[in-house]
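# Chain and residue survey
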Amino acid sequence: MKRITRTRLMRTALLTTALMVVLPAAIAHTGTQPGKAKSVAPLSVEEEVFGRPGDLHKVDRTIAIDMSDMMRFGPAHINIKQGETIRFMVTNQGKILHEMVLGTIEELKAHRAMMKKHPGMEHDAPYGTHVAPGKKEALVWQFTRTGEFYYACLIPGHFEAGMMGKIIVTKG
């Protein structure tokens, strides 16, 4: 009898943990089309480990990010000072849809696994943007903590092909 109870407890704990990782990412996905205006208010104003949505009127600098069908970002490495609000101008120079999603490596890997299961889902979160072929989108983010963070394309197959960049945030 104790063995069944422990097994059930372990399954419940694993399911709860899995939901805590996947549910926030699932909520952040909608059927929003690339190039369409995003809602004025982000789905969440909570601060992430890697920062928070930035104020468009308080941008410290703009960084151009290029994406290509070679499954690469340019630049692949960015240095930012803690507290900076960055406007990423993300240009898709390819012929297929790409995205730029900010996060820790762990969060991006978990999100990538969910995207593999639900490849048609699109982001409508303040820390990511889809960019249609030949189009440009802006992503404004304030980096409030120091550390090593990443940006990646989580469309199935793109991350695995190396479509990722690194952000190093240092003390301002």
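Preceding this paragraph is the structure being described.
No experiment lies behind these values; they were computed from the predicted model shown.

With that settled, consider the pattern of salt bridges. For the structure shown, the criterion picks out 5 salt bridges. Arg-145 is the salt-bridge partner of Glu-47, the closest N and O atoms lying 3.6 Å from each other. Here Glu-47 is found in the loop between β1 (29-30) and β2 (52-53), whereas its partner Arg-145 is found in the loop between β10 (136-142) and β11 (147-152), with 98 residues between them in sequence. You can call Glu-47 partly exposed: its relative accessible area is 33%. The partner of Lys-166 in a salt bridge is Glu-148, with the nearest N and O atoms 3.8 Å apart. Remark: Glu-148 occurs in strand β11 and Lys-166 occurs in strand β12 (residues 164-170); sequence separation between them is 18 residues.

Further remarks concern the packing of aromatic side chains. The final tally for this structure, using the stated rule, is 5 aromatic pairs. Here the aromatic rings of Phe-50 and Trp-141 are separated by 5.2 Å at their centres, their planes lie at 25°, and the arrangement is stacked. With Phe-50 in the loop between β1 and β2 and Trp-141 in strand β10, the pair connects residues that are 91 residues apart, well separated along the chain. Assessed through its relative accessible area of 2%, Phe-50 is described here as buried. Ring-pair connections join several aromatic residues into one group, and the members of that group are Phe-50, Tyr-127 and Trp-141.

Take the sheet that holds β10 next. Adjacent strands of a sheet pair through backbone hydrogen bonds, lying either parallel or antiparallel. Here we have 5 strands laid out as an open sheet, ordered β2-β10-β6-β3-β4, and mixed in their pairing. Across the chains shown, the open sheet's two edge strands, defined by having one partner strand only, are β2 and β4 (72-74). With 7 bridges joining them, strand β6 (residues 85-92) and β10 adopt antiparallel strand pairing. Bridge assignment links Thr-85 to a residue of β10, and that residue is Gln-142.

Turning our eyes to something else, we now look at the sheet that holds β11. Read from one edge to the other, the open sheet built from 5 strands follows the order β5-β12-β11-β7-β9, with strand pairing classed as mixed. Of all strands in the sheet, those bounded by a partner on one side alone are β5 (77-81) and β9 (128-131). Across the sheet, the mean angle from the axis of one strand to that of its neighbour is 20°, orientation sign disregarded. Pairing analysis gives 6 bridges linking β11 to β12, with the strands arranged antiparallel. Residue pairing across strands places Ala-152 opposite Met-164, the latter belonging to β12. On top of the sheet, helix α2 (residues 105-117) reaches β7 (98-103), β11 and β12; it is set at about 135° to β7, its chief contact.

Our next topic: the environment of Gly-172. When you line up the elements, Gly-172 lands in the segment after β12. Since its relative accessible area comes to 85%, Gly-172 is described here as exposed. Discounting residues that sit within four places of it in the chain, Gly-172 has contacts with Lys-81 and Gln-82.

In terms of nonpolar packing, the biggest core is built from 33 residues, with Ile-65, Phe-88, Leu-102, Phe-143 and Ile-167 touching the most fellow members. Going through the elements one at a time, β3 (61-68), β5, β6, β7, α2, β10, β11 and β12 are the ones with two or more residues in this core. Take this core: its biggest share by element is 4 residues, from β11. If sequence neighbours within four positions are ignored, Ile-65 has contacts with Phe-73, Gly-74, Pro-75, Ile-78, Phe-88, Met-89, Val-90, Thr-91, Met-100 and Tyr-151.

Scoring rules and cut-offs
Residues numbered from 1 in each chain as written. Predicted model: local features only at pLDDT ≥ 70, side-chain atom pairs only at ≥ 80, totals over all residues. Heavy atoms only, no water. Salt bridge = Lys/Arg side-chain N within 4 Å of Asp/Glu carboxyl O. Helix = DSSP H or I, 4+ residues; strand = E, 2+ residues; numbered from the N terminus. Buried < 20%, exposed > 50% of the residue type's maximum accessible area, 1.4 Å probe, protein only. Phe/Tyr/Trp six-rings, centres within 6.5 Å; stacked < 30°, edge-to-face > 60°. Pairing = 2+ DSSP bridges. Axes fitted to C-alpha atoms, helices over the stretch in contact; angles between N-to-C directions. Contact = heavy atoms within 4.5 Å. Core = buried A, V, L, I, M, F, W, Y, C linked by side-chain atoms within 4.5 Å.

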